[in-house]
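Report on the structure
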Amino acid sequence: MNARTYTPFDSCLKAALVLSADWIPRWLDLLQAALVHREATGATHEKRGFGHARSVLMACRDRLEARLVTAFASAVHADVARDRGSPTAAPRKPRAALSMDDLTLMDHGQVQASVELARLQQVVRMAVDDELLTLDALLSAARGLRTVRAEANPLRPDVVIDTLMAALAKLRIDEAARLHWLHAGAVSLGQELGRFYAALVRHLEADGVQPAGYVVVPTALPARPVHTSVSDHGEDRPSGADADGAPLVLTLDHLHRLLVGNLAQGGAGVSDHGASGSGNALVRTLAAEVVTLMLRTIAEDRRLLTPVRDLVMQLKPALLHLAKTDPRFFADRDNPARRLLDAITARSLAYVHEQDTGFGEFAGQVLHTVQSLQTLSADLPERVVACMQRMESLGLTDQGPAMQTLVRVEQRHLLAERVAREIRARDDFARAPALVKRFLCGPWAQAVAHARLSTDILGELATQHDLLEVRDVPSDRYMDILTDLLWSCQLAQASQNRPRLVRVVPVVLRTLREGLDAIDFPRPQAESFFQALMGLHEAAYKSHRSDGMLKTSLRYQEQPVATAEPWLQGHEARESGFIDTQLMVTEFADTEPATCQQPLGSGDTLAVGAWIELQYPDHVQRCQLRWASPHRTLFLFATAEGQSVSLTRQGMDRLEASSHLRVVAEHGVVDEALAAVARLAWVNSGRLA
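Residues numbered from 1 in each chain as written. Predicted model: local features only at pLDDT ≥ 70, side-chain atom pairs only at ≥ 80, totals over all residues. Heavy atoms only, no water.

Spatially, β4-β3-β2-β1-β5 is the arrangement adopted by the 5 strands of the open sheet, whose pairing is antiparallel. Strand pairing shows two members of the sheet lacking a second neighbour, β4 (644-648) and β5 (661-665), which therefore form its edges. Taken over all neighbouring pairs, the strand axes of this sheet differ in orientation by 40° on average, direction set aside. Pairing between strand β2 (residues 620-628) and strand β3 (residues 634-638): 4 bridges, direction antiparallel. Residue pairing across strands places W627 opposite L636, the latter belonging to β3. On top of the sheet, helix α14 (residues 400-424) reaches β2, β3 and β4; it is set at about 165° to β3, its chief contact. (Pairing = 2+ DSSP bridges. Helix = DSSP H or I, 4+ residues; strand = E, 2+ residues; numbered from the N terminus. Axes fitted to C-alpha atoms, helices over the stretch in contact; angles between N-to-C directions. Contact = heavy atoms within 4.5 Å.)

Using the criterion set out here, one finds 27 salt bridges in the structure. Among the salt bridges present, the one from R26 reaches E192, with a minimum N-O distance of 2.8 Å. With a gap of 166 residues between them, R26 in helix α1 (residues 8-41) and E192 in helix α6 (residues 175-206) connect regions that are remote in the sequence. Taking the relative accessible area as the measure of exposure, R26 reaches 39% and is therefore partly exposed. For R408, the salt bridge is made with E575, and the minimal N-O distance between the two is 3.9 Å. Placement of the pair is R408 in helix α14 and E575 in helix α22 (residues 570-576), with a sequence separation of 167 residues. Take E575: its relative accessible area is 41%, and that puts it in the partly exposed class. Within the structure, one salt-bridge network assembled from shared partners comprises R333, R338, D342 and D671. (Salt bridge = Lys/Arg side-chain N within 4 Å of Asp/Glu carboxyl O. Buried < 20%, exposed > 50% of the residue type's maximum accessible area, 1.4 Å probe, protein only.)

Before going further, it helps to examine the packing of helix α12 (residues 359-372) against helix α13 (residues 380-393). Viewed as axis vectors pointing N to C, α12 and α13 meet at an angle of 175°, and their least axial separation amounts to 10 Å. Taken together, the axes of α12 and α13 are roughly antiparallel relative to one another. Across the interface between the two elements, F362, Q365, V366, H368, T369 and S372 from α12 touch R383, C387, R390 and M391 from α13. Partitioned by chemical class, the residues of the contact of α12 with α13 number 4 nonpolar, 4 polar and 2 charged. (Parallel < 35°, antiparallel > 145°, perpendicular 65-115°, else oblique. Nonpolar A, V, L, I, M, F, W, Y, C, P; charged D, E, K, R; others polar.)

Next up on the list: the pairing of β3. Most of β3 is tucked away, with 5 of its 5 residues classed as buried. Neither face of β3 is exposed, since L634, L636 and A638 on one face and F635 and F637 on the opposite face are all buried. Counting the residues that bridge the hairpin from β2 to β3 gives 5 residues, and of these R632 lies at a positive phi of roughly 55°. One ladder, built from 5 bridges, connects β3 with β4; its direction is antiparallel. Following the sheet pairing, A638 is matched in β4 by S644. In this structure, the hairpin formed by β3 and β4 is closed by a connection of 5 residues, where G642 is found at a positive phi of approximately 90°.

As C-alpha cells, this is what we get:
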C-alpha cells in the first residue's frame with residue numbers, strides 16, 4: 001500500500017463505504033415501514049397505490065440493496081477520480097437544469113416525477129444541513145484545502161440522490177411505485193444521511209482534522225423571494241389568484257399547464273391560450289408571472305450594463321400586454337417579442353464598460369425601441385416586428401470568407417495528422433531525436449499536407465483543361481528526403497559515412513526550407529530548428545564528436561512530441577482574425593506549441609451564440625461564437641463591431657488555463673432567465689408537495 005491510503009481523507013472514504021452497508025439497508029427497512037403505515041392510514045384512493053409500492057419493494061428489496069451499496073461505492077470513487085484530474089475518469093455531468101423546452105415535451109407523469117425529485121432533494125437537504133456543513137469543512141481540510149469547496153465532498157447529498165435515481169432506473173419498476181418510494185422515503189433518507197454524516201464527522205475529528213474555513217462572499221443583490229406574484233409589481237391581482245386572495249405561487253404544474261395549454265377554461269374545457277381574446281384569468285396570471293420573473297432575472301444580471309438592464313425593464317408593460325393575447329410567447333424562440341429580447345440582451349454582452357466603442361449607439365437604438373413600444377395599442381405586435389428586425393440587423397457582417405479560410409485550414413490540418421501518422425509508422429522514426437520528431441509531426445506534416453492539397457488542385461485543373469500534369473510533385477520530394485534526414489541526425493550512423501553526409505545535407509536543408517517557405521512558417525522558429533539540426537550534423541561530421549553537441553542532442557531527446565495543432569499561414573491568419581495564443585501566454589521552446597496541461601473543455605461544450613471575454617495586457621474584448629469547424633478544431637468569433645476573431649481548440653484551452661479567457665455566457669440571457677423561472681417553479685413544487 002502507498003502512503004496515501006492512510007491519509008485522513010482516504011481513511012474517511014473507507015469508513016464511509018463500510019457505513020453505507022449499514023445505513024442503506026436500514027433506510028430500506030424504514031421505507032418499507034413507511035409504505036405499510038401509509039397503506040394502513042391513507043385515504044381510500046391512496047391505499048392501493050402504497051400497497052402496490054410495498055409489494056414491489058418487497059419483491060426487489062435484496063437486489064436494490066446490493067445495487068445501491070455497489071453503485072454508491074462506484075459513484076464515490078468516480079467523483080474522487082474526477083476531482084483529482086484522473087485522465088481515465090469520465091467527466092462529471094452537471095445536473096441538467098429544467099428548461100421551458102423540457103416542460104413542453106413532458107407529460108403529466110413526468111412533471112409529477114420532477115416534483116417528487118424536487119421534494120426529495122429539499123427534504124434531504126433540510127435534514128442534513130448542519131452535519132453537511134461540518135463534513136464539507138472537514139473533508140476540504142482533509143484534502144489539503146484551506147477554504148471549503150462543496151465539490152470536494154464525494155459523499156454530498158447530490159451524489160447519493162443521483163446514485164439512488166440511477167439504481168431505481170435500472171430496476172425497471174413502474175413509475176407509480178417509484179414515485180411512492182420517493183414520497184414515503186424522503187424523510188427517513190434525510191434522517192439516515194444525517195446520522196451517516198455525523199458518524200463521519202466524528203471519525204475525522206478523531207483523526208485530528210481541523211475544519212477548513214468558509215469564504216464569506218458579500219452580495220449586492222437581495223435574495224429572490226420564492227413567493228412572488230404580479231400583484232407585487234404594481235399589477236392588479238387577476239381573478240385567477242387563489243380563492244382566499246393569496247398571491248399565486250408558481251409551480252411546475254402551473255408552468256407545464258401554461259406551456260401545453262392544459263388549463264381549464266372556467267373550470268371545464270381546454271384553454272385557448274387567450275388567443276380568442278375572451279381570456280382565461282389563470283392563463284393571463286401565469287403568463288404575467290413568468291414575464292415578470294423573467295424580466296426581474298434579466299434586471300439582476302450583472303453581465304449586462306446598468307443602462308441596458310433599466311431599458312429592458314421599461315419593456316415590461318409592452319410584454320405584459322402581449323402576454324394577454326399570446327401567453328406563451330416567451331417559450332417560442334421564433335416569436336418576434338422573444339427574438340427582440342434575445343437581440344437586445346445578446347448584443348449587450350459585447351460591452352464591458354459604458355465607455356466602450358459602439359455602446360452609446362447601441363444604447364440609443366435600445367432607447368428608440370423602448371420608446372416606440374410604449375403605446376399599448378392594437379398595432380403593438382407589428383411595431384415589435386419592426387423593432388426586432390432593426391435590432392437583429394445591428395452588427396451583422398459577412399464572415400463567409402473567414403469561414404471558408406478556416407475550412408481550408410482544418411482540411412489541411414486533418415491531412416497533416418494523417419501525414420504525421422505515416423511518418424511515425426516509419427522504421428527509422430523511433431531512433432530520431434525528439435527535436436526532429438516534433439518537427440516532422442508538426443510543421444513538416446503541415447508542409448506535406450499543403451503540397452498534397454496544391455497538387456490535387458493543379459491536377460484537377462490540368463484534367464479539366466486536358467493538360468499534362470506537372471511532373472514535379474513537391475509532396476513526393478518532401479517525403480523522399482525523410483530517409484536522408486532521419487539518417488543524418490543519428491550520430492552513431494552518420495559519423496561513419498561522412499561522404500554521404502556531405503552529399504545529402506545540402507539537399508535536405510534546401511528542401512526543408514522550400515517546404516517551410518511554402519506554408520509561410522515563421523522564419524525565427526525555422527532558423528531555431530535549422531541551427532539545432534546543423535549542430536547534430538556537425539557533431540556527426542567531426543570524428544571526435546563534440547561533447548557539447550552530443551549533450552544538446554540528448555537534451556532534445558528528452559522532450560516529448562507535441563500534440564498537433566492547426567497551422568495558419570500569414571494570409572489565412574489575417575483573413576480570419578487569428579489570435580496567436582502563444583504570444584499571450586508563456587514562451588515556448590523551438591517549434592513545439594505551448595500546451596495546456598489540463599484543458600478546461602470549453603471547446604467541447606461551447607455552442608454557437610456563446611460569448612467569451614479575452615484578457616489582453618491593455619484591454620478586455622468580448623466576442624460571440626459564430627461558427628465552429630466540423631471537427632471543432634477551429635472557432636470563429638465576432639466582436640460587436642463585426643471584427644473576426646479565430647482561435648484553435650488548443651488555443652482556447654491555453655488561454656482559459658492561463659486566465660486570459662473566460663466564458664461570459666454559454667447560453668442566451670433570455671434562455672437563462674427562463675431557466676431560472678423553471679428552477680423557481682421546481683423549488684416551489686418541492687416545498688409545496
